[in-house]
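Below are the chains, spelled out letter by letter.
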Amino acid sequence: QVQLVESGGGLVQAGGSLRLSCAPSGTIFGINAMGWYRQAPGKQRELVATITSGGSTNYADSVKGRFTISRDNAKNTVYLQMNSLKPEDPAVYYCKAQARYISAQFEYWGRGTQVTVSS
């Protein structure tokens, strides 16, 4: 089945920036909302940001003002611009897409990309 593929993770110093991107490995019909989640060591996966097909966004309080989610509907690609990274931000970041097709809903996940923040 189709999966999402993330890229752009890596090592960055505190206060620095990274830009993550995510796109499906194949065709996904009916994509609506897309988003980013993260999971730090010893913690549960948590929501970072979401964006609808119309461009409406939601952010976790911890990243508001620092992270920006955007998308290219023509490419079914979602981005996460991360600025002013903090030591609390390191985690594996996962991309998610929600889709509706023939009256059924689907969720797609990527394998994740590692973000490491050094000080």
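Refer to the structure above for everything that follows.
Everything in this summary refers to the structure shown in the same document.

**A short note on the environment of Asn73**
Then, in step 1: Its location among the elements puts Asn73 in the loop between strand 7 (67-72) and strand 8 (77-82).
Then, in step 2: Distance in space between the C-alpha atoms of Asn73 and Val48 is 20 Å, their sequence separation being 25 residues.
Then, in step 3: Looking at Asn73, its side chain comes within polar contact range of the side chain of Arg71, at 2.7 Å.

**Section: the pattern of salt bridges**
Then, in step 1: Under the defined criterion, the tally for this structure stands at four salt bridges.
Then, in step 2: A salt bridge links Arg38 to Glu46, with the shortest nitrogen-to-oxygen separation between them at 2.9 Å.
Then, in step 3: Classification of Arg38 by relative accessible area gives buried; the value is 6%.
Then, in step 4: Overall, Glu46 belongs to the partly exposed group, its relative accessible area being 37%.
Then, in step 5: A salt bridge links Asp89 to Arg38; the nearest nitrogen and oxygen atoms lie 3.1 Å apart. One end of the pair, Asp89, is in the loop between strand 8 and strand 9 (91-101); the other, Arg38, is in strand 4 (residues 31-39), with 51 residues separating them in the sequence.
Then, in step 6: Through salt bridges with shared partners, a single ionic network connects Arg38, Glu46, Arg66 and Asp89.

**Some details on the packing of aromatic side chains**
Then, in step 1: A complete count under the given rule lists three aromatic pairs for this structure.
Then, in step 2: When the centroid spacing of 5.3 Å and the interplanar angle of 20° are considered together, the rings of Phe29 and Tyr101 count as stacked. In this pair, Phe29 sits in the loop between strand 3 (18-24) and strand 4 while Tyr101 sits in strand 9, placing the two residues 72 residues apart along the sequence.
Then, in step 3: On the accessibility criterion, Tyr101 (40% relative accessible area) is partly exposed.
Then, in step 4: Just above the ring of Tyr94 sits the side chain of Arg45; from NZ or CZ to the centre is 3.7 Å.
Then, in step 5: Lying over the aromatic face of Trp109, Arg45 brings its terminal NZ or CZ to 4.9 Å of the ring centre.

**Brief notes about unusual backbone geometry**
Then, in step 1: Although it is not a glycine, Asn76 sits at a positive phi angle of roughly 55°.
Then, in step 2: Relative to the assigned elements, Asn76 resides in the loop between strand 7 and strand 8.
Then, in step 3: Residue Asn76 is classed as partly exposed on the basis of its relative accessible area of 21%.
Then, in step 4: Of note in this structure, Ile102 is not a glycine but carries a positive phi near 50°.
Then, in step 5: As for its position among the elements, Ile102 is in the loop between strand 9 and strand 10 (104-109).

**Overview of the state of the cysteines**
Then, in step 1: Enumeration according to the criterion identifies one disulfide in this entry.
Then, in step 2: A sulfur-sulfur distance of 2.0 Å marks the disulfide that ties Cys22 to Cys95. Taking the sign of the S-S torsion, -85° for the link of Cys22 and Cys95, the bridge is left-handed. Here Cys95 lies in strand 9 and Cys22 lies in strand 3, a separation of 73 residues in the sequence.

Rules used throughout
Residues numbered from 1 in each chain as written. Predicted model: local features only at pLDDT ≥ 70, side-chain atom pairs only at ≥ 80, totals over all residues. Heavy atoms only, no water. Helix = DSSP H or I, 4+ residues; strand = E, 2+ residues; numbered from the N terminus. Polar contact = N/O pair within 3.5 Å; in protein donor to acceptor, adjacent residues only side chain to side chain. Salt bridge = Lys/Arg side-chain N within 4 Å of Asp/Glu carboxyl O. Buried < 20%, exposed > 50% of the residue type's maximum accessible area, 1.4 Å probe, protein only. Phe/Tyr/Trp six-rings, centres within 6.5 Å; stacked < 30°, edge-to-face > 60°. Lys NZ or Arg CZ within 6 Å of the ring centre and 35° of its normal. Disulfide = S-S within 2.5 Å.

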